[in-house]
Amino acid sequence: MSTSVANKVIDAAFESDEAFQHTLLKVIKEDLELTAIEFSEYANIPPSTLYKLMSGNREPNMRTLRQIVKTIKTIEGSDKGDFIAVIAARPVLDNISETKRKIGGTLCTIREYSATTMEEAIIAAVRAEREGAKALVCAPIVSPTIEKIIRIPVATIMPKNSVIVAIEAVARKIE
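Reading guide: rules and limits
- Residues numbered from 1 in each chain as written.
- Predicted model: local features only at pLDDT ≥ 70, side-chain atom pairs only at ≥ 80, totals over all residues.
- Heavy atoms only, no water.
- Salt bridge = Lys/Arg side-chain N within 4 Å of Asp/Glu carboxyl O.
- Helix = DSSP H or I, 4+ residues; strand = E, 2+ residues; numbered from the N terminus.
- Buried < 20%, exposed > 50% of the residue type's maximum accessible area, 1.4 Å probe, protein only.
- Contact = heavy atoms within 4.5 Å.
- pLDDT = per-residue confidence, 0-100.
- Pairing = 2+ DSSP bridges.
- Axes fitted to C-alpha atoms, helices over the stretch in contact; angles between N-to-C directions.

Caption draft 1: Up close: the pattern of salt bridges. Using the criterion set out here, one finds 5 salt bridges in the structure. A salt bridge links Lys8 to Asp31; the shortest N-O distance between them is 3.2 Å. Within this pair, whereas Lys8 is found in helix α1 (residues 4–15), its partner Asp31 is found in helix α2 (residues 17–31), the two being separated by 23 residues in sequence. Of the residues examined, Lys8 reaches a relative accessible area of 36% and is grouped as partly exposed. For the salt bridge of Arg111 with Glu131, the shortest nitrogen-to-oxygen distance reads 3.2 Å. Placement of Arg111 in strand β3 (residues 106–114) and of Glu131 in the loop between α7 (118–130) and β4 (133–138) is noted, with a sequence separation of 20 residues between them. Judged by its relative accessible area of 23%, Arg111 is partly exposed. Residue class for Glu131 comes out partly exposed when judged on its relative accessible area of 32%. One network of salt bridges, in which partners are shared, links Arg90, Asp94 and Glu112.

Caption draft 2: Quick look at the environment of Tyr51. As for its placement among the helices and strands, Tyr51 is situated in helix α4 (residues 47–55). Leaving out residues up to four positions away in the same chain, Tyr51 has contacts with Ala36 and Ile37.

Caption draft 3: View of unusual backbone geometry. Not every positive phi belongs to a glycine, and Glu33 is a case in point at roughly 55 degrees. Along the chain, Glu33 turns up in the loop between α2 and α3 (36–43). A positive phi angle, close to 60 degrees, is found at Asn44, a residue other than glycine. By the secondary structure assignment, Asn44 is in the loop between α3 and α4. You can call Asn44 exposed: its relative accessible area is 70%.

Caption draft 4: Layout of the confidence of the model for the protein. Of all residues in the protein, 92% have pLDDT values of 70 or greater, and the mean over the chain is 85. At the level of individual helices and strands, the protein shows its lowest average pLDDT in strand β2 (residues 100–103), which scores 73, and its highest in helix α8 (residues 143–149), which scores 95.

Caption draft 5: Quick peek at the sheet that holds β4. One open sheet holds the 5 strands; their spatial order is β2-β3-β1-β4-β5, and the pairing between them is mixed. Each edge of the open sheet carries a strand with a single partner, namely β2 and β5 (154–156). Put simply, the sheet's adjacent strands are angled 30 degrees from each other on average, direction ignored. Pairing analysis gives 4 bridges linking β2 to β3, with the strands arranged antiparallel. Residue Ile103 lies in a different strand from β3, and its bridge partner there is Thr106. In the packing of α7 onto the sheet, contacts are made with β1 (83–88), β3 and β4, and the angle to β1 comes to roughly 170 degrees.

Okay, structure coming up:
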């Protein structure tokens, strides 16, 4: 996502009502990957107002347009800095369905870093911190080392259920 997403909405608002409707809908669903309800919550705009704007039943007033653009810029900015890094093997990362999550009233972006070795995990942790991660989630085998070299909070993945499933799977193979 580039910083031009908010500008797309501004340009469309000056072009025509139809362009604004189409662009706003596309930006919310495709660029920001949010539902209209989620966006209305972040923007503090009533869902009914947002639906009227996107359906063409209402033209945006200046205050609402400013709020929409401000919210888009805030969400865009979260991709550049305020994010939580998750370092794991690709199969684990493929199970993460959300890229954004509202935690304690704040929208957090979840950014994935694939690593299959201890060295790759350490390098990914340093890279994530340099890119602006506010916190990091990783495997227990590497978390003590990562906690010593970075300054952001580190949480450890504790895959209890998956360990039990793996034990049961391998037990069936030896029977």
